[in-house]
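The primary structure of each chain is shown beneath.
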Amino acid sequence: MAVTTPTGRTAGRPVLGTEHKKRVAIGSAVGTTVENYDFIGYGTAAALYFGDAFFPDSDPTTALLLSFGTLGIGFAARPLGGIIGGYLGDKVGRRPVLIASLLVMGVATVVIGALPTYETVGILAPILLVTVRVIQGLAFGAEWGGAILMTYEHAPWKRKGAYTAIPQAGFPLGLLLANLAFLASAGLPGDWAWRVPFLLSSVLIGAGMYIRLKVEESPEFEDAKEHGQLVANPLAQVLRQDWRNLVRAFGLRVAETAGYAVSISFVTSYVHSEGLATRPQTILAIVVAALLGFPATLLWGHLTDRVGRKPVYVFGTSLMLVFGIPMFLLVNTGSLGAIIAVFVIAFVFCQNSLGGTQGAWFAELFSTETRSSGASLAYQLAAVISGFTAFWAVSLHSAYGWTGPAVLFVVYGAVGLVAALATPETFDRSRRAEVERATAAARQDPAALAAPVA
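Chains are numbered independently. Their residues run from 1 in the order of the written sequence. Where totals are concerned, whole chains, interfaces and linings use all residues; where local detail is concerned, this predicted model gives features only for residues with pLDDT of at least 70, and gives and counts side-chain atom pairs only at 80 or more. Side-chain measures here rest on the full set of heavy atoms in the structure, leaving out hydrogens and waters.

A look at the packing of aromatic side chains
Next up, step 1: Pairing of aromatic rings covers Phe, Tyr and Trp, the last through its six-membered ring, and needs centres within 6.5 Å; plane angles under 30 degrees mean stacked, over 60 mean edge-to-face, and all others mean tilted. Counted by the stated rule, this structure contains 16 aromatic pairs.
Next up, step 2: Seen from their ring centres, Phe 50 and Phe 54 are 5.1 Å apart, and the 85° between their planes marks the pair as edge-to-face. With a gap of four residues between them, Phe 50 and Phe 54 both fall in helix α2 (residues 50–54), about one helical turn apart.
Next up, step 3: According to the relative accessible area criterion, Phe 50 is buried, its value standing at 0%.
Next up, step 4: Members of the aromatic cluster, each reached through a chain of ring pairs, are Tyr 49, Phe 50, Phe 54, Phe 182, Trp 194 and Phe 198. Runs of E in the DSSP output that reach at least two residues are strands. Runs of H or I that reach at least four are helices, and both are numbered from the N terminus. The buried label applies to any residue whose accessible area, calculated with a 1.4 Å probe on protein chains only, is under 20% of its type's maximum; exposed applies above 50%, and partly exposed to all values in between.

As structure tokens, this is what we get:
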């Protein structure tokens, strides 16, 4: 039974998903959790600690700018990681990329926890920090495409949004674990307050590697390889044939990742520097948002299977348009309850609604043989904007006060909304009806569980 995919091609993948679909989704989620713990932990440390540890001779604003600059360098390295990981994912398979990216990311994070500070080795300290941060960025860039696409290609046709939201939920879970670690270590003396969370990553690496080594290769990749459908240069083909979807996915991703950089990364430093909340209170607010964000991401992904990908994205980006100014009005009250509410709204409703949609939507915009390159490149190119957004937000705040970063947040929402309206719906009513019929037939006829290639 051959059914066309949203990209117009026929697919030889099981209608009800492979027998390993849950293990693959969980294995991908564990890995993305570990890597987000590592990467997001750096953002928290940059906002609260690295200015003093690596740039102590600068005034507070300059030190914060330099600290966020090192954060941005890691994001700038992610497109190259996405290109390498995406290319290898389309050429040698999704699984090897998953394993290698997790290992490199984990080692780099542990090294950050052991780095000497400026007080110990002078200018060499920030140089080492930047070097390891670049390695982190390369590994993280290679990670996302493999994790999402492995899950997507193993998942049931009817529930691809729900399944791809599982590894996407690794973002709030990683955020939760990282900030719990920083909250628990906040009372430790000296540099141990930021070193311990990075060193603890070694425990998570072991768990992640154990599960990922048991994850099977994507059936769609194996099928394409078996039938000689792998392309000689998937990256070049994406740039030549799918550049429009590349641009659309870039715009979609910018709203989510750069919006997060303003509403979470910058606001974290803002409430601390303005004396609106203590470090433990700020971390507590993030923990509450992340705790709610984990199930929220799963629910948003499930919703895309019911109503389509586009409506959920339009909702999230529209909310960003109207929330930018109220976000800062609320945090400026200095009320812990208001600050927690800001983090919850910005994360659970703005960021998570977009993140929970991206896995399935991005995968469906590209064909199997170029999917890893296309989705990874769009996803990680947008990360460059995100990486320097906190830096820009600090600069705008210095020049215009809180209205500067508030307007920046609104602009990112507008970019995402325009991209959402311009991007084709890949799971519309007719497609959902088609998948529903195929699913019903597969449940009645075991032979239909593995649809042959047309």
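With respect to the pattern of salt bridges
Next up, step 1: Salt-bridge detection follows one rule: a side-chain nitrogen of Lys or Arg within 4 Å of a carboxyl oxygen of Asp or Glu. All told, the structure shown has six salt bridges when counted by the stated rule.
Next up, step 2: Residue Glu 436 is joined to Lys 158 by a salt bridge in which the shortest nitrogen-to-oxygen separation is 3.1 Å. Separated by 278 residues along the polypeptide, Glu 436 in helix α19 (residues 429–444) and Lys 158 in the loop between α6 (124–154) and α7 (160–168) bring together distant segments of the chain.
Next up, step 3: Looking at Glu 436, the relative accessible area reads 37%, which means it is partly exposed.
Next up, step 4: We note a salt bridge from Glu 364 to Arg 309, for which the minimum N-O separation is 2.8 Å.

Description of the side chain of Thr 32
Next up, step 1: By the element assignment, Thr 32 lies in helix α1 (residues 21–48).
Next up, step 2: The contact definition used throughout considers only heavy atoms, calling two residues in contact when any of these lie within 4.5 Å. If we skip the residues at most four places from it in the chain, Thr 32 touches Glu 143, Ala 147, Pro 167, Gly 170 and Arg 212.

A short note on a nonpolar patch on the surface
Next up, step 1: A contiguous nonpolar patch, built from Leu 80, Ile 83, Ile 84, Tyr 87, Leu 88 and Val 92 and spanning about 470 Å² of accessible area, is present on the exposed surface.
Next up, step 2: Secondary-structure assignment places Ile 83 in helix α3 (residues 60–91). Only residues whose relative accessible area exceeds 30% and that form no salt bridge enter a patch; like-charged residues are grouped when within 9 Å of one another, and nonpolar side chains (Val, Leu, Ile, Met, Phe, Trp, Tyr) when within 5 Å. Under the convention used here, a 1.4 Å probe and the Shrake-Rupley method define accessible areas, while residue burial counts only the protein chains that appear.

Some thoughts on the environment of Arg 309
Next up, step 1: Relative to the helices and strands, Arg 309 is located in helix α15 (residues 309–331).
Next up, step 2: For Arg 309, a relative accessible area of 0% puts it in the buried group.
Next up, step 3: Separated by 128 residues in the primary sequence, Arg 309 and Arg 437 place their C-alpha atoms 20 Å from one another.
Next up, step 4: Once residues lying within four places of it in the same chain are set aside, the contact partners of Arg 309 are Lys 160, Gly 161, Thr 304, Thr 357, Ala 360, Trp 361, Glu 364, Glu 425, Thr 426 and Phe 427.
Next up, step 5: There is a polar contact of 2.8 Å between the side chain of Arg 309 and the side chain of Glu 364. By the criterion applied in these results, polar contacts are pairs of N or O atoms within 3.5 Å in which, for protein atoms, one can donate a hydrogen and the other can accept it, and in which residues neighboring in sequence qualify only through two side-chain atoms.

Concerning the nonpolar core
Side chains of a nonpolar character, in soluble globular proteins, are inclined to be buried together.
Next up, step 1: Counting residues in each nonpolar core, the largest one holds 95 residues, and the members touching the most others are Phe 50 and Phe 54.
Next up, step 2: Per-element tally for this core: the top contributor is helix α16 (residues 336–364), with 14 residues.
Next up, step 3: Setting aside residues up to four positions removed in sequence, Phe 54 forms contacts with Leu 115, Pro 116, Thr 117, Tyr 118, Ala 125, Pro 126, Leu 129 and Trp 194.
Next up, step 4: Nonpolar cores are built from buried Ala, Val, Leu, Ile, Met, Phe, Trp, Tyr and Cys residues. Side-chain atoms within 4.5 Å join them into one set. With six residues, the next largest nonpolar core counts Val 15, Val 435, Ala 438 and Ala 442 among its residues.

As for the side chain of Thr 164
Next up, step 1: Mapped onto the elements of the fold, Thr 164 is located in helix α7.
Next up, step 2: Accessibility expressed as a relative area gives 0% for Thr 164, which makes it buried.
Next up, step 3: Side-chain polar atoms of Thr 164 contact the backbone oxygen of Lys 160, separated by 2.7 Å.
Next up, step 4: Other than its neighbours up to four places away in sequence, Thr 164 contacts Ile 148, Thr 151, Tyr 152, Gly 359 and Ala 360.

Describing the environment of Ala 100
Next up, step 1: Within the fold, Ala 100 resides in helix α4 (residues 94–113).
Next up, step 2: Assessed through its relative accessible area of 41%, Ala 100 is described here as partly exposed.

Considerations on the packing of α7 against helix α8 (residues 170–185)
Next up, step 1: The axes are straight lines fitted to the C-alpha atoms, using for helices just the contacting stretch, and the angles between their N-to-C directions are given from 0 to 180°. The N-to-C vectors of α7 and α8 enclose an angle of 25°; their axes lie 5 Å apart at closest approach. Taken together, the axis directions place α7 and α8 in an arrangement best described as roughly parallel. The segment α7 lies against α8, with Ile 166, Pro 167 and Gln 168 engaging Gly 170, Phe 171 and Pro 172.
Next up, step 2: Across the contact of α7 with α8, the residue classes break down as four nonpolar, two polar and no charged. Orientation is classified from the angle alone, with under 35 degrees giving roughly parallel, over 145 giving roughly antiparallel, 65 to 115 giving roughly perpendicular, and any other angle giving oblique. All amino acids are sorted into three groups, where Ala, Val, Leu, Ile, Met, Phe, Trp, Tyr, Cys and Pro are nonpolar, Asp, Glu, Lys and Arg are charged, and the leftover types, Gly among them, are polar.

Quick notes on the packing of α15 against α16
Next up, step 1: Between α15 and α16, the shortest axis-to-axis distance is 9 Å and the interhelical angle comes to 155°. The pairing of α15 with α16 is recorded here as roughly antiparallel in orientation. The chirality of how α15 crosses α16 is left-handed.
Next up, step 2: Grouping the constituent residues of the contact of α15 with α16 by class yields 19 nonpolar, five polar and three charged. Helix crossings are classified by the rotation of the near helix relative to the far one: an anticlockwise turn of less than a right angle makes the crossing left-handed, while a clockwise turn makes it right-handed.

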